[in-house]
Amino acid sequence: MDRSLPLSQFEPQSQLVLPEHRPERARFPAIDAHNHLALHAEDAYDPAWTLQSPQQLIDMMDRRNLRGLVDLDGRPERLRSALTSYKEAHRGRMAVLAVLDWSVCAEPGWPAVLAEQLASALALGADGLKVSKGLGLRHRDEHGRLIPVDDPRLGELWAVAADAGATVLIHTADPVAFFRPLDRFNERWDELHLRPEWSWYGPQFPTFESLMDQLIGLVGTNARTVFQVAHVGSYAENLAWVADQLLTPHPNVYVDISERIAELGRQPHFARRFLIDFQDRVVFGTDRPPLGPWYPYYFRFLETFDDYFPHGPEVPPRQGRWNISGVGLPDDVLAKLYRDNALKLYPSLNG
Ligand SMILES: [Zn+2]
């Protein structure tokens, strides 16, 4: 008899019998400081997650005990409508971050053009700036060269944010496994085989390590600017690095936990220590369709000591093949992580 089994067919079912807690509402009023209302507007996987109206979002937020939400999709063509239909229509519940048009980098003089784009967006009412992983991986200058994250030519852009007291939410790189060979040792094999275009492995791309060095250069050189570095500083696989290299030396840096409970929850003891040590610098966020079923997974991870539960619903492409445990944060830490820290970054949510 053939005892081999294709990995795609391996679906082991845990026989553990454990206490289960499934909070449907955040224990304290929360702010989702990393979400995308345009990106997630229409959901192909489940039409029920498609956003029909701002009011539908507010109703969901009330059900989940979400006090506020930060929308990262303030692209030039959408910023005005996002400000009108979300931020202004629901004062204190919604913040909107500006997204710039980086295609201007193909023409000389682009640093001033980017700075001007941000200044106008902030004048319109944007709460800050979102910078995607395109910086470091895709955006090229007038010579066709990749613009590094710590490029000194971007100094005037970061200065505009600093002068306005506006937060820069930046995402650098991707999970470490996306930069490694797509072979049997890759811990995100399932996901990368479904979405091979997510791989950054190869000589044509910067290495993960060089991008992290650039990130450190960025936050160190622009100490007046406040940065929210997405996805646990973009290096949740190495919390000691986030603590020692990113957060401790740079008081201008915060991190969000969006899209990373799979990482934090597979190292729950170390992650708990980290979240308590940096309780004034970590913000809650999901980066997931707000009408989808993700919030209760985050609440369970943060609030309970449950063991060995899935880090999300079974929606392809799934992240790593492992389960997580909760970190059962103390109430005072939870309140800061859920809301107080985000209010420092987006004071308009104080309304
Ligand atoms: Zn995001």
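Residues numbered from 1 in each chain as written. Predicted model: local features only at pLDDT ≥ 70, side-chain atom pairs only at ≥ 80, totals over all residues. Heavy atoms only, no water.

*Asks:* So what's going on with the packing of helix 9 (residues 239–247) against helix 11 (residues 268–277)? Which residues, and what values?
*Replies:* Packing of helix 9 against helix 11 leaves a shortest axis separation of 10 Å and a crossing angle of 20°. Between helix 9 and helix 11, the crossing angle belongs to the class labelled roughly parallel. Residues Leu-239, Ala-240, Val-242, Ala-243 and Leu-247 of helix 9 pack against Phe-270, Ala-271 and Phe-274 of helix 11. Taken together, the residues of the contact of helix 9 with helix 11 break down into eight nonpolar, no polar and no charged. (Axes fitted to C-alpha atoms, helices over the stretch in contact; angles between N-to-C directions. Helix = DSSP H or I, 4+ residues; strand = E, 2+ residues; numbered from the N terminus. Parallel < 35°, antiparallel > 145°, perpendicular 65-115°, else oblique. Contact = heavy atoms within 4.5 Å. Nonpolar A, V, L, I, M, F, W, Y, C, P; charged D, E, K, R; others polar.)

*Asks:* Which residues make up the pattern of salt bridges, and what values go with them?
*Replies:* Scanning the entire structure with this criterion turns up 25 salt bridges. For Arg-321, the salt bridge is made with Asp-190, and the minimal N-O distance between the two is 3.0 Å. Taken together, the residues Arg-321 in the loop between helix 12 (295–303) and helix 13 (331–345) and Asp-190 in helix 6 (residues 189–194) connect sequence positions 131 residues apart. Note that Glu-259 is salt-bridged to Arg-288, the shortest N-O span being 3.0 Å. Of this pair, Glu-259 sits in the loop between strand 7 (253–256) and helix 10 (261–264) while Arg-288 sits in the loop between strand 8 (282–283) and helix 12; the two residues are 29 residues apart in sequence, bridging distant segments of the chain. One connected set of salt bridges, linked through shared partners, spans Glu-187, Arg-188, Glu-191, Glu-263 and Arg-266. (Salt bridge = Lys/Arg side-chain N within 4 Å of Asp/Glu carboxyl O.)

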